[in-house]
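Each chain is listed here by its residues.
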Amino acid sequence: MKVELYDTTLRDGAQSEGVSFSVMDKIRIAKKLDEIGVHYIEGGWPGANPKDMEFFKKIKRAGLKNAELVAFGSTRHARTTPAKDPVLKGLLSAETKIITIFGKTWDLHVRDVFRIPLDENLKMIADSVAFLKSKGRTVYYDAEHFFDGYKANPEYAKRTLLAARDAGAGVLILCDTNGGTITSEISGIIEEVRAFVDIPLGIHVHNDADMAVANSIAAVQAGVTQVQGTINGIGERCGNANLVSIIANLSLKLNSECLSSASLRGLTEASRYIAEICNMRQLDVQPFVGNSAFAHKAGVHINAILKNPKTYEHVDPTAVGNRRRMLISDQTGRSGILKKAQELELELDKDAPKTKRLLKLIQQLEHEGYHFEAAEASLELLMKRTLKKFNDFFRLMDFRVITSKEGAKMTSEAIIKLKVGKEFQHTAALGDGPINALDNALRKALKDFYPGLAGMHLSDFKVRVLEEKAGTAARVRVLIESQDSDDSWWTIGVSENIIEASWKALTDSIEYKLLKDARKRSSERAAS
Ligand SMILES: [Zn+2]
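Structural notes, computed from the coordinates. Computed from a predicted model, the values in this text were never measured in an experiment. (Residues numbered from 1 in each chain as written. Predicted model: local features only at pLDDT ≥ 70, side-chain atom pairs only at ≥ 80, totals over all residues. Heavy atoms only, no water.)

**A word on the overall build of the protein chain**
- Helix and strand counts for the protein chain stand at 18 helices and 16 strands.
- In terms of overall dimensions, the protein chain has C-alpha extents of about 80 × 60 × 50 Å along its principal axes.
- Buried residues in the protein chain amount to 53% of all 528 residues.
- Considering only contacts within the protein chain whose residues lie at least 6 apart along the sequence, 65% involve residues at least 24 apart.
- Of the roughly 24100 Å² of accessible surface on the protein chain, 50% is carried by carbon and sulfur atoms.
- Side-chain charges of the protein chain comprise 74 positive and 69 negative groups, with the mean position of each set lying 4 Å from the other. (Helix = DSSP H or I, 4+ residues; strand = E, 2+ residues; numbered from the N terminus. Buried < 20%, exposed > 50% of the residue type's maximum accessible area, 1.4 Å probe, protein only. Contact = heavy atoms within 4.5 Å. Areas by Shrake-Rupley, 256 points an atom, 1.4 Å probe, with all protein chains shown as cover. Lys, Arg positive; Asp, Glu negative; His and termini not counted. Charge placed at Lys NZ, Arg CZ, Asp CG, Glu CD.)

Pasting the structure below:
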């Protein structure tokens, strides 16, 4: 089964609440999509948006290797001719080989929104497609609201598709624009369409009923050969069909050759990379590529997974570039710790005293309020420190944080003294609050030694007050999430003092980044 992937992250995805792409963002996303082997990249609506026009100009210089770039727009306006229509002119000016235009399928829209006769809409579809064809372009036709239109007036919906086909459209894309169609209806209607359409069909669905991935897969099974979607399912309202899950399902469940297996292994990284450009956090529970997608916690599950991963995993995580995680909690026995050590390539013997010491230490810290299943980076550092497999990249001498209020303005300043090797650093920095000031001061002190730190930032910060235990003051637990271009990680600190708890989580997050970078450098050296 050959399926073509058509990405619309840059056009439909850009309609997502909270997403705003710069031209540079769009170029970075397009390059990533090209790298993983998506067949078509819909770059934007060149007639309607000057930023999109600039993107089409610049992307030409960037030179895509695999993907074909597509310009998107609508059929001509009602009271004009194609040659005079500004939308069609804009589309041609993007100079892409392929142009996708959408037109109205649903008589309700033609009557109530366009307020034109039904036949006029058919003319708009036909002569817009024909005009773009006459200019030497391949034209894909998006039948907007196709499924709703077909349910309301099948005869008219059919005529709109045939108008586009007869005018020379190369692919007819059936859209579930309002995203409310149920999977069985998608399959049934596509079967009916296949009885009167003899050219390739595509599918473009939205996720308003949380059915978008299932609907896209069902459409492929019903004979559609082009699937449209966005990375991580971003898009207006509840989003578009998530192309990441679609790709994984097509490849791993239906044996479709939509991507090479090497590209498939880049899927997790691509999903995270694009989420970061969208300034969104990839959901931990995102199927296939999320951080929790292959995370096991229950003792019995871990036990079974160790014997055979198939017991609790539907696919091999490495097939999509993700990884299995064994979550360590105070319920985890020695086998969990051993497994974690093995994952981290630490030699640890089941009966060695150091194993017992480590287990006891973890249990003790969990008792104090640490929560390592939520902070694996801190756990890794703790294990490596305890087993003496790790030397800290810097050593704190002392720090001071001053927060003051002058008039209406609060300011925070941090002063820190630390040592890197034999070198002594003494720096100060301001920040929006004490933690930010500490973070800034720490980076300032370390930036000359470790320039890679410029590529990371803190992406989440959680504070929780823990229950008071008899005779002690309440403690706080701070969890910090940090991110760089290809990864994200959580670290933890617990203390009776919120600044100290934050400091612990903060320094772990930086130590982890430095450890990660050092590991990357040494594996690159080994490979070359
Ligand atoms: Zn859409």
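**Here's the deal with unusual backbone geometry**
- Phi is positive for Arg-237, which is not a glycine, with a value near 55°.
- Note on placement: Arg-237 falls in the loop between strand 8 (226-229) and helix 10 (243-252).
- Although it is not a glycine, Glu-345 adopts a positive phi angle of roughly 60°.
- Position of Glu-345 among the secondary structure elements: in the loop between helix 14 (334-343) and helix 15 (353-368).

**Regarding the nonpolar core**
- Ranked by internal contacts, the top residues of the largest apolar core, which has 85 residues, are Phe-146 and Ile-190.
- Once you skip the residues sitting within four places of it in the chain, Phe-146 turns out to touch Thr-105, Ala-157, Leu-161, Leu-174, Cys-175, Ile-189 and Val-193.
- The next biggest cluster of nonpolar side chains, apart from the first, holds 31 residues, and it includes Leu-381, Phe-394, Leu-418 and Ala-505. (Core = buried A, V, L, I, M, F, W, Y, C linked by side-chain atoms within 4.5 Å.)

**Here's the deal with the state of the cysteines**
- Here the structure, examined in full by the defined rule, presents zero disulfides.
- Left without a disulfide partner, Cys-175 is nearest to the cysteine sulfur of Cys-238, which lies 17 Å away.
- Cys-175 sits in the buried class, given a relative accessible area of 4%.
- Lacking any disulfide linkage, Cys-278 is separated from the closest cysteine sulfur, that of Cys-238, by 17 Å.
- A residue is classified by how much of its surface remains accessible, and Cys-278, at 4% relative accessible area, is buried. (Disulfide = S-S within 2.5 Å.)

**Topic: a positive patch on the surface**
- On the surface, a cluster of positive charge is made up of Lys-354, Arg-357, Lys-388 and Lys-389.
- As for its placement among the helices and strands, Lys-389 is situated in the loop between helix 16 (376-386) and strand 11 (395-406).
- Residue class for Lys-389 comes out exposed when judged on its relative accessible area of 54%. (Patch = residues over 30% accessible without salt bridge, like charges linked within 9 Å, V, L, I, M, F, W, Y side chains within 5 Å. Salt bridge = Lys/Arg side-chain N within 4 Å of Asp/Glu carboxyl O.)

**Some thoughts on the sheet that holds strand 5 (residues 138-144)**
- Strand order around the closed barrel formed by eight strands is 1-2-3-4-5-6-7-8, with parallel pairing between neighbours. Between one strand axis and the next, the sheet turns by 25° as a mean value, whatever way the strands run.
- The strands touched by helix 5 (residues 118-134) are strand 4 (98-104) and strand 5; relative to strand 4, the strand with the most contacts, the crossing angle is about 175°. (Pairing = 2+ DSSP bridges. Axes fitted to C-alpha atoms, helices over the stretch in contact; angles between N-to-C directions.)

Spatial relationships are all this shows, so hold off on functional conclusions.
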